[in-house]
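Survey of secondary and tertiary structure
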Amino acid sequence: MKILVVNAGSSSLKYQLFDMDTNTAIAKGNCERIGIDGVVTHKCPGKEDYKTSADFPDHRAAIECVLGLLTDEKLGVIGSVKEIAAVGHRFAHGGEKLRASTVLGPDEVAYLESIAELNPLHGPPAISGFKACKEVMPDIKHVGVFDTSYYSNMKEEAYVYPIPYELYEEYKIRRYGFHGTSHRYVAAKAAEMLGKKDAKIITCHLGNGSSITATVNGKAIDTSMGFTPQDGVPMGTRSGALDPTVPMYIMKKKGLTAEEVEKVLNNQSGLLGVSGVSSDCRDVAKAAASGNARAALALKILVHNIKKIIGSYIAEMNGVDAVVFTAGIGENDRAMRENVCEGMDWLGIAIDKEINNTCERGVDVDISAKGAKVKTFVIPTNEEYMIALDTQNLTK
Ligand code: ADP
């Protein structure tokens, strides 16, 4: 069975085609600069990478371009679009109602449209991407997979904010959590590696955007991102958690509007804001190594906050079986992993530095020190595969 996974953004449409008989992606790519001056990249294992400029004024033209590439005699991997059994669509936000992956019908789409305000950057383009795919492939099932749905079993005390309750009732202001598909995937892998279904697992998704999630028995019980993906640990350009009065104080002092201060906290903070160097962890680490004190401070703040959240989740779960590192920084930045795990041996977390420093990239690795009470794993995330799997399950 072939499943197409689509992740539509405002000016991009990423895709992966999975062969679910072999559980592998047989083609992947990205249509970028939709509506501007389109560029498409297309990769298939065993074939030369393909990149060209293309004319796609909208998502519909982009998906038509993708289907053209997938069925192309030279570049393609399938003989006909009819080989695609179903399409899985990534949605960052499923609101309070879409609590699990689901086949998208008119009711689900209307609900997603009604909550677009909760997710103005990703919601509308994802809906438009879905509609384009549905138009071009009307006879197969289209499944929505929501980053937020992994958190739909959190207890009220984990998701209701201590603000007037009417604000939750009226505006649905609450902790939703994000990156759920990634956390779900790596937590399930970790449970498999532990050989323990009811494991207590802390997953650290550390990338450009970062979040940490606590999972017990396959269900998320808490997560660091909140009402928006702005909460939690500092990120490339996002501040993460702050004293809630800080934005108001900046507004008053600098005479900024709400939108302007949002930009400061979203686009000019985090690693970039503190270091003044870059939002990219590699650049910041390089600057720190060559003596840039603010770059070094930015990394220390990140480590400090990751540790704090790990500690709090261990308290919430009354223990932990495994800590998992994933995403760009988590999978690749050996120093970051070492620094986060440093001085946590009292909690049972200790890594083998040699293994951490030499382990192969792109595979699941156990980097725990011999005899450590808690396992520490590096597990490459694969949100797209998770989406394909949910789509397959809902299509059977
Ligand atoms: P996104 O959230 O956009 O998906 P990624 O998961 O790709 O982001 O993570 C991007 C981050 O990963 C960047 O800060 C980058 O510096 C970091 N990163 C990627 N590769 C490496 C590497 N080899 N060493 C250290 N950091 C890396």
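Details of the structure are given in the entry above.
Residues numbered from 1 in each chain as written. Predicted model: local features only at pLDDT ≥ 70, side-chain atom pairs only at ≥ 80, totals over all residues. Heavy atoms only, no water.

**Side note on the environment of His179**
On the secondary structure map, His179 appears in the loop between helix H5 (165–171) and helix H6 (180–194). For His179, a relative accessible area of 13% gives the class buried. For the pair His179 and Phe146, spaced 33 residues apart in sequence, the C-alpha to C-alpha distance is 9.0 Å. Apart from residues lying up to four places away in sequence, His179 is in contact with Asp147, Tyr151, His205, Gly209, Ser210, Ser211 and Met225. Looking at His179, its side chain comes within polar contact range of the side chain of Ser211, at 2.7 Å. (Helix = DSSP H or I, 4+ residues; strand = E, 2+ residues; numbered from the N terminus. Buried < 20%, exposed > 50% of the residue type's maximum accessible area, 1.4 Å probe, protein only. Contact = heavy atoms within 4.5 Å. Polar contact = N/O pair within 3.5 Å; in protein donor to acceptor, adjacent residues only side chain to side chain.)

**Some words on a nonpolar patch on the surface**
A surface patch of nonpolar side chains, about 260 Å² in accessible area, is lined by Ile163, Leu167 and Tyr171. Mapped onto the elements of the fold, Ile163 is located in the loop between helix H4 (156–159) and H5. Judged by its relative accessible area of 38%, Ile163 is partly exposed. (Patch = residues over 30% accessible without salt bridge, like charges linked within 9 Å, V, L, I, M, F, W, Y side chains within 5 Å. Areas by Shrake-Rupley, 256 points an atom, 1.4 Å probe, with all protein chains shown as cover. Salt bridge = Lys/Arg side-chain N within 4 Å of Asp/Glu carboxyl O.)

**Quick word on the site of the ligand**
For the ligand, the full set of nearby residues is Gly207, Asn208, Gly209, Asp280, Cys281, Arg282, Ala327, Gly328, Ile329, Asn332, Asp333 and Arg361. Interatomic distance of 3.2 Å between a backbone N/O atom of Arg282 and an oxygen atom of the ligand. Ile329 is positioned with one of its backbone polar atoms (N or O) 3.2 Å from an oxygen atom of the ligand. Notes on the ligand: free accessible area 580 Å², of which the protein chains cover 67%. Element by element, the count of residues in the shell around the ligand is highest for helix H12 (residues 327–332), at four residues. Residues of the shell around the ligand, tallied by class, amount to three nonpolar, five polar and four charged. (Near = heavy atom within 4 Å. Nonpolar A, V, L, I, M, F, W, Y, C, P; charged D, E, K, R; others polar.)

**Remarks on the sheet that holds strand E12 (residues 322–326)**
Two strands in a sheet stick together by hydrogen bonds in their backbones, pointing the same way (parallel) or opposite ways (antiparallel). Spatial ordering of the open sheet is given by E11-E10-E9-E12-E14-E13, a layout of six strands whose pairing is mixed. The two strands at the open ends of the sheet, each matched to only one other strand, are strand E11 (219–223) and strand E13 (365–366). Alignment of E12 against strand E14 (residues 375–378), held across four bridges, turns out to be parallel. Note that in E14 the partner of Ala322 across the bridge is Lys375. Most of the contacts of H6 go to strand E9 (residues 200–206), to which it runs at about 135 degrees, and overall it touches E9, strand E10 (210–216), E12, E13 and E14. (Pairing = 2+ DSSP bridges. Axes fitted to C-alpha atoms, helices over the stretch in contact; angles between N-to-C directions.)

**Observations concerning unusual backbone geometry**
Even without glycine at this site, Arg33 takes up a positive phi of about 55 degrees. Following the sequence through the fold, Arg33 ends up in the loop between strand E3 (24–32) and strand E4 (39–43). The phi dihedral of Lys172 is positive, around 60 degrees, even though this residue is not glycine. Within the secondary structure, Lys172 is located in the loop between H5 and H6.

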